[in-house]
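Summary of the model geometry
Residues per chain are reported as follows:
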Amino acid sequence: MDDKKESLNLTDEDIFKEVFNSFFPYLTEYAKNIVLNNDVAIDIVQEVFLKLWKYRKYYTDFKAIRAFLYRTVRNDSLNYIKHTRVENKYRHQYAQEEYDESSVDYQGIKEEAIRLLHKAINDLPSQCKSVILLSVKGLMNQEIADRLGVSINTVKTQKKIAYSKLRNRLDGIIFYFFIFR
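This report concerns the structure included in the present document. (Residues numbered from 1 in each chain as written. Predicted model: local features only at pLDDT ≥ 70, side-chain atom pairs only at ≥ 80, totals over all residues. Heavy atoms only, no water.)

**Brief notes about helix 4 (residues 126-136)**
- Along helix 4, the residues classified as buried are Cys128, Val131, Ile132, Leu134 and Ser135. All buried residues of helix 4 fall inside an arc of 165° around its axis, so they share one side. Every exposed residue of helix 4 that faces more than 90 degrees away from the buried side is listed here: Ser126 and Val136.
- Following helix 4 by one or two positions, Gly138 adopts a phi angle in the positive range, close to 105°. (Buried < 20%, exposed > 50% of the residue type's maximum accessible area, 1.4 Å probe, protein only. Helix = DSSP H or I, 4+ residues; strand = E, 2+ residues; numbered from the N terminus. Arc of directions from axis to C-beta.)

**Quick look at the side chain of Ser77**
- Counting through the fold element by element, Ser77 comes out in helix 3 (residues 62-122).
- Given a relative accessible area of 0%, Ser77 falls into the buried group.
- Leaving out residues up to four positions away in the same chain, Ser77 has contacts with Ala31, Ile34, Val35 and Ile44. (Contact = heavy atoms within 4.5 Å.)

**Remarks on the pattern of salt bridges**
- This structure, assessed with the given rule, holds 3 salt bridges.
- The residue Glu29 makes a salt bridge to Lys32 at a minimum N-O spacing of 3.5 Å. On the criterion of helical spacing, the pair formed by Glu29 and Lys32 is a turn pair, its members being 3 residues apart in helix 1 (residues 13-35).
- Classification of Glu29 by relative accessible area gives partly exposed; the value is 39%. (Salt bridge = Lys/Arg side-chain N within 4 Å of Asp/Glu carboxyl O.)

**Details of the packing of helix 1 against helix 2 (residues 38-54)**
- Close contact between helix 1 and helix 2 brings their axes to 8 Å; oriented N to C, the two are set at 140°. Of the two possible hands of crossing, helix 1 and helix 2 adopt the one that is right-handed. Contact with helix 1, carried on its side by Glu13, Phe16, Val19, Phe20, Phe23, Phe24, Leu27, Thr28, Ala31, Lys32 and Val35, involves Asn38, Val40, Ala41, Ile42, Ile44, Val45, Gln46, Phe49, Leu52 and Trp53 of helix 2 and no other residues of that element.
- For the contact of helix 1 with helix 2, the residue count by class is 16 nonpolar, 3 polar and 2 charged. (Axes fitted to C-alpha atoms, helices over the stretch in contact; angles between N-to-C directions. Left-handed = near helix turned anticlockwise from the far one by under 90°. Nonpolar A, V, L, I, M, F, W, Y, C, P; charged D, E, K, R; others polar.)

**Side note on the packing of aromatic side chains**
- According to the stated counting rule, one finds 9 aromatic pairs in the structure shown.
- A centroid spacing of 6.0 Å and a plane angle of 40° characterise the contact between Phe23 and Phe62, whose relative ring orientation is tilted. On the criterion of sequence distance, the pair formed by Phe23 in helix 1 and Phe62 in helix 3 is long-range, its members being 39 residues apart.
- Given a relative accessible area of 6%, Phe23 falls into the buried group.
- An angle of 45° between the planes, with centres 4.8 Å apart, marks the rings of Tyr59 and Phe68 as tilted. (Phe/Tyr/Trp six-rings, centres within 6.5 Å; stacked < 30°, edge-to-face > 60°.)

Dropping the structure here:
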């Protein structure tokens, strides 16, 4: 575009295209230096040209058009940065609140599952209960058999009975506990 042209008729589409083609690469580079993202810079510049198109009948002076384009790209780029900072701040704050809420939910679910598990274990027949409690403490089948004075097959049978009763009693509760663990 020639600086010497004082007056432009932007309502003429060919002249508008010439202005667009002349300024677009420079404005995009200008915006990119501010927002540090080429795609965002292109979007900003395109939006600025849409604004210019909307108000094209008011801009006839070349210097005024150039000033409008650069000023608007600068302002829109800075607004984008401000908006992004605010979004990031609230996204971070929201994520922290979600984390806090989910950890409270997790704690509640975990406590309830443990309470129900202990209640179900306490309701088992005494030999099943003894075998399961020793098993939970980490003892092996032979150690449990030795401690209780029963055969290893009795331990295995009592475990099988206990697991079956616990599974039926707790149904999906333990499933949720292990999911949220």
